[in-house]
Amino acid sequence: MEAIEDLSELSESMRQAASLLADDDPSDDAAPRRPTTFLNAVALGNVGAGKSAVLNSLIGHPVLPTGENGATRAPIVVDLQREPGLSSKSIVLQIDSKSQNVSASALRHSLQDRLSKGASGGSGRGRGDEIYLKLRTSTAPPLKLIDLPGIDQRAVDDSVINEYAGHNDAILLVVIPAMQAADVASSRALRLAKDIDSDGTRTVGVISKVDQANGDAKTIACVQALLSNKGPKNLPDIEWVALIGQSVAIASAQSAGSENSLETAWRAEAESLKSILAGAPQNKLGRSALVDTIGKQIRKRMKVRLPNLLSGLQGKSQMVQDELARLGESMVQSAEGTRAVALELCREFEDKFLAHITSGEGSGWKIVASFEGKFPDRIKQLPLDRHFDLNNVKRIVLEADGYQPYLISPEKGLRSLIKIVLEMAKEPSRLCVEEVHRVLLDIVNASANATPGLGRYPPFKREVVAIASNALESFKNDAKKMVVALVDMERAFVPPQHFIRLVQRRMERQRREDELRNRSSKKTQEAEQSMSKRASSPQTDSEQGGGSLKSTKDKSGQQDKDTKEGSNLQVAGPAGEITAGYLLKKSAKTNGWSKRWFVLNEKSGKLGYTKKQEERHFRGVITLEECNLEEVEDEEPSKSAKDSKKANGPEKTPSLVFKITNRVAYKTVLKAHSAVVLKAESVADKVEWVNKIKAVIQSKGGSFKGPSTEGGSMRQSHSDGSLDTMARRPADPEEELRWMSQEVRGYAEAVLNSLAANVPKAIVLCQVEKAKEDMLNQLYSSISGQSNAKIEELLQEDHNAKRRREKYQKQSSLLSKLTRQLSIHDNRASVSSYSNDTTEAESPRTPSRSGEDWRSAFDSASNGPVAASSNSESRSRSADGRSRRYENGDVSSGANSGSRRTPNRLPPAPPRY
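Owing to the predicted nature of the structure, the values given are computational and were not obtained by experimental measurement.

A few words on the pairing of strand β17 (residues 675-679). Sheet topology places strand β11 (residues 578-586) next to β17; two bridges connect them, and they run antiparallel. Bridging across to β17, Lys 585 finds its partner in Leu 678. As defined by bridge partners, strand β16 (residues 657-662) adjoins β17 across five bridges and the pair is classed as antiparallel. Across the sheet, the residue bridging to Ile 660 is Val 676, located in β17.

Given below as structure tokens:
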């Protein structure tokens, strides 16, 4: 009985372990308890096999109805609890939370009535017709006994049996009457048990009513063979126990207040079985043997389940420890400990915040997206077309000058226009600051949520977020002031060089227009003079005309000769898009010429040069799509050109010089140079270079300016002091204003592009960098400056986190306890299994003294009835070599085959039960 008590504790520990693995709380009484089936015992057998009598023997009281009138017609579940303080006669029936002392006979009659009503009311045999009893006694082991109807009844099918015995760890008690021991191989109850428990680890065979087979030697031989594990080969390898079954009823009938009558009846039963089954193992006889065998099978079943359960507990323990580490330990209840916890939480928040910004873990990429996407787009979407509309420019210029109109250039109007346009850049800059501020706030919240410690203390988490948000708010205001100051700086000072270039370009344009007008008027005068001379002296004119015609032919022939000499340029590429050759580059420092190797790529629009042709890397590259091309006069003509000029008069040789400038006046073309002056080696080279460069520039929207002729006469007319050219028709004022507004727009766009690059720098400095340093410093200083009472108030742990920690701490403690207990039982089971295996190996089973009577009995059962008329027939071996057969039933084991031997204190057993 003590072994069963230990198994009961082990079963409870395993139940708690299973509840823990299912994430239930085993200590919560309100929660539904997970059932355990290790201590369940299900009785299987035919009608009249004695199932109820066997269960009564286990209970210690004749509670279950027996006999023909008490046949079990519905499942009866008896949940037993052992209470040593009760007397052996006491039975306590527990219904819900109430307890009531009852007698065995009253319970038995009540069950008979319910079974009779159930039989007349229906034929159901499922859980709906189940009868449940919860009893407390001092005689019963802590088992749950289940008495099923006979399996040979038509109303009982395999589903009812599987419902109680399948898919769990219940012990199967296969009850077979002793008189049917010879036919045990054909028992349906054994077949069902084998289907349910194929390895036989939870099946116990019970041979009941042994006293009724006392006079049958063959039956006794079969019973002894089964108890000695020498039954037919097709039987499952299970443990067998022999019972009489009526000891409890007899003890109940004879007890007249004796406290020890039940133990006396059990001992008498064992003695009687020993006298009947003299050749059987004595540890398999009687009720005590049945209890021990059931305990042994329960332990075997638990041994099968323990390894998996321990493995699951180890995994659960690791998970619980990880969760406890995440939740953290309970806060130290001291001023220094509280402050240390607060600063440690600030450090954890700092690590998460820096990781979100620097590593891109959080929303840090949104800051770059704002700088490279939304902010430049807003700058480009400013309504410059509306502000630089000619009518708007006129209005601004008119309002800026007031009553006094401008003299040369509308400087005040242009400055006012620039300020108005640049003022529009303030709003996109402020919006960019706001966007970065929102991103930083999101990073602060995300970092706080990602800090495990802050999740435990919601008030402290809110305080940290509030301090960080206030710091970011001040940084946002500083950033707004900074970006507005950048815009105001550009508005306050406009470089004067830009307006100087405006005047210079306007005067140069006027000079070119005057030159064109002078050239056309001079040609008209020469034509008129020629016509008048021809009218006055035709012959002279013809002679002179012949001479001039000859000189003209000589000039054109010389130019054609220079052009037809051919260029020295090299052309490469699939479509001839690459042109290379030498050009002279004018130095801005020495004002001298340097010979360089130039390469033009018409496809990419780039013109690069190297010092030598063999060099692989360019020393400079000019992007032609941003440039203009202009032909200029050669300031220092060559010696041959001077000689030809002296010989032929004032004729000019073609210039070999051309210049590349940027479309925007203040931008550079190459390195720090605003213009690049180049000179070809020949006229043919110059023509090819100019044509190809001009094609590239004009395809990109650039302009080309040809050479200015008649420069000497124009300069002469200007130097004469004559005001004729200045007094001619003035330029169109509206055209002049349009041209100046375009130049001002180019300057404004350049300043806006500069702001698009500089405003993000200011924002990073004033917001992002300060958030990484100043904000965290303010956080530490603010928390450190709080009083101990305030910090304790902030470090109020979240109730859910506290509950979860307590839950996991309780689970951790229970896991340690259960793991220790189950490990001890597992080790004991291993040692016990090893000792049993060693004992079986050292002492193999030997045949019993009964010889071959048990084989004869089983063979008779399988081949048909055997005649027992002759007592003198000797033993003989069959022709096919099978086992010997005893015809008379006498055995040589020395067992008494006469009348039944029962203790004198027990009356004869009733004929049927």
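Structure shown, so let's carry the discussion forward.
Looking now at the sheet that holds strand β6 (residues 144-147). With respect to topology, nine strands assemble into an open sheet ordered β4-β3-β5-β2-β6-β1-β7-β8-β9, the strand pairing being mixed. Two strands lie at the open edges of the sheet, namely β4 (98-102) and β9 (239-242), each paired on one side alone. Sheet twist, expressed as the average angle between the axes of neighbouring strands with direction ignored, equals 25°. Bridge count between strand β7 (residues 171-177) and strand β8 (residues 203-208): six bridges; the pairing is parallel. Bridge pairing in β8 links Pro 177 to Ser 208. Contacts from helix α6 (residues 217-227) reach β8 and β9 within the one sheet, and its direction differs from that of β9 by about 135°.

A few words now on the packing of helix α14 (residues 411-423) against helix α24 (residues 733-784). α24 packs onto α14 with a crossing angle of 35° between their chain directions and a minimal axis gap of 10 Å. Here the hand of the crossing between α14 and α24 comes out right-handed. Only Val 744, Tyr 747, Ala 748, Val 751 and Leu 752 of α24 make contact with α14, whose side of the interface consists of Leu 414, Leu 417, Ile 418, Val 421 and Leu 422. When its residues are assigned to classes, the contact of α14 with α24 shows 10 nonpolar, no polar and no charged.

Scanning the model with the defined rule gives three aromatic pairs in all. Seen from their ring centres, Phe 349 and Phe 353 are 6.2 Å apart, and the 25° between their planes marks the pair as stacked. Of the two residues, Phe 349 and Phe 353 are both situated in helix α10 (residues 335-358); the distance of four residues between them amounts to about one turn of the helix. As far as burial versus exposure is concerned, Phe 349 and Phe 353 are alike and both buried. For the ring pair Tyr 582 and Trp 597, a centre distance of 4.8 Å and an interplane angle of 75° mean the geometry is edge-to-face. You can see Tyr 582 sitting in strand β11 and its partner Trp 597 sitting in strand β12 (residues 593-601), a full 15 residues away along the chain. Directly above the aromatic system of Trp 593 lies the positively charged group of Lys 679, at a separation of 5.6 Å from the ring centroid.

Before going further, it helps to examine the nonpolar core. By size, the foremost hydrophobic cluster in this structure holds 71 residues, and its most contacted members are Phe 349, Val 444, Phe 460, Leu 752, Leu 755, Ile 763 and Met 775. Mapped onto this core, the elements with two or more residues apiece are α10, α11 (365-380), α13 (390-401), α14, α15 (426-450), α17 (458-492), α24 and α25 (788-794). Here this core gets 20 residues from one element, more than from any other, and that element is α24. Filtering out sequence-adjacent residues up to four positions away, Phe 460 remains in contact with Ala 342, Leu 345, Cys 346, Leu 454, Ile 783, Leu 794 and Leu 795. In terms of nonpolar packing, the next biggest core, distinct from the first, is built from 55 residues, Leu 80, Val 102, Val 291 and Leu 313 among them.

Cut-offs and rules
Residues numbered from 1 in each chain as written. Predicted model: local features only at pLDDT ≥ 70, side-chain atom pairs only at ≥ 80, totals over all residues. Heavy atoms only, no water. Pairing = 2+ DSSP bridges. Helix = DSSP H or I, 4+ residues; strand = E, 2+ residues; numbered from the N terminus. Axes fitted to C-alpha atoms, helices over the stretch in contact; angles between N-to-C directions. Contact = heavy atoms within 4.5 Å. Left-handed = near helix turned anticlockwise from the far one by under 90°. Nonpolar A, V, L, I, M, F, W, Y, C, P; charged D, E, K, R; others polar. Phe/Tyr/Trp six-rings, centres within 6.5 Å; stacked < 30°, edge-to-face > 60°. Buried < 20%, exposed > 50% of the residue type's maximum accessible area, 1.4 Å probe, protein only. Lys NZ or Arg CZ within 6 Å of the ring centre and 35° of its normal. Core = buried A, V, L, I, M, F, W, Y, C linked by side-chain atoms within 4.5 Å.

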